[in-house]
Each structure stands twice: as structure tokens, then as C-alpha cells.
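What follows is each chain in one-letter form.
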Amino acid sequence: MRVTLLLLQYLFPEWSITLDREGMWRATGRVLISASDLDGFLDLLHTADPEACERAILQLREAG
């Protein structure tokens, strides 16, 4: 999960993304979002900032 956290922090620099000891994912940006699982967290992040998600997808495509 640490690699995933580092990747998300890199892909979403405008958000402060953390994973606590209990497994809660949190992001602080325009709003505060949190979820107990990664899939739910990514859904919320996409809802909160769809443009950042599109940029992240483009970055990943260019790297691949």
C-alpha cells in the first residue's frame, strides 16, 4: 500500500493524500475526502476532482 500511496501523491500533487494506521485513505484539497478502501477513495477523488484524474490517466499512459 505504501507504493500506491506514493504513486497517488505523485499523480495528485494538489492533494495531500494519506493512509492512516487503521487503513483509512484521506485526501485534503478543495474538500476533505476519506474512505476505508482504495476503490471507494478513488471514486470519491474522481468525483471531487475529475480534471486531476484525467491528468493522472494521461501521465500513466505516457509512462507506459
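Just above, that's the structure.
Residues numbered from 1 in each chain as written. Predicted model: local features only at pLDDT ≥ 70, side-chain atom pairs only at ≥ 80, totals over all residues. Heavy atoms only, no water.

Trainee: Whenever I open this one, the pairing of strand 3 (residues 32–35) confuses me. Can you help?
Mentor: When a strand is regular, its side chains alternate between the sheet's two faces. Where burial is concerned, the two faces of strand 3 differ: the one with Ile33 and Ala35 is buried and the one with Leu32 and Ser34 is not. Summarising the sheet, strand 2 (residues 25–28) and strand 3 pair through 4 bridges and their orientation is antiparallel. From the neighbouring strand, Ala27 faces strand 3, where its bridge partner is Ile33. (Buried < 20%, exposed > 50% of the residue type's maximum accessible area, 1.4 Å probe, protein only. Helix = DSSP H or I, 4+ residues; strand = E, 2+ residues; numbered from the N terminus. Pairing = 2+ DSSP bridges.)

Trainee: Please clarify how a nonpolar patch on the surface should be interpreted in this entry.
Mentor: On the surface, Leu7, Tyr10 and Leu60 cluster together to form a nonpolar patch covering roughly 320 Å² of accessible area. Note that Tyr10 resides in helix 1 (residues 2–11). Under the relative-accessibility criterion, Tyr10 is labelled exposed at 57%. (Patch = residues over 30% accessible without salt bridge, like charges linked within 9 Å, V, L, I, M, F, W, Y side chains within 5 Å. Areas by Shrake-Rupley, 256 points an atom, 1.4 Å probe, with all protein chains shown as cover. Salt bridge = Lys/Arg side-chain N within 4 Å of Asp/Glu carboxyl O.)

Trainee: Got a minute to help me understand the nonpolar core in this structure?
Mentor: Across soluble globular proteins, you tend to see nonpolar side chains buried next to one another. Ranked by size, the top nonpolar core spans 15 residues in total, and within it Phe12, Ile17, Phe41 and Leu45 carry the most contacts. Counting residues per element, the ones that place at least two in this core are helix 1, strand 2, strand 3, helix 2 (38–48) and helix 3 (50–63). Each residue touching Phe12, except ones within four places of it in the same chain, is listed here: Ile17, Leu45, Ala52, Cys53 and Ala56. (Core = buried A, V, L, I, M, F, W, Y, C linked by side-chain atoms within 4.5 Å. Contact = heavy atoms within 4.5 Å.)

Trainee: Can you help me understand the pattern of salt bridges in this one?
Mentor: Between side chains of opposite charge, a pair can form as their charged atoms come close. Going through the model one piece at a time under the given rule, you end up with 4 salt bridges. Residues Arg30 and Asp49 are paired through a salt bridge, measuring 2.7 Å at the closest nitrogen-oxygen approach. Highlighted residues: Arg30 in the loop between strand 2 and strand 3 and Asp49 in the loop between helix 2 and helix 3, separated in sequence by 19 residues. Of the residues examined, Arg30 reaches a relative accessible area of 60% and is grouped as exposed.

By themselves these figures say nothing about function.
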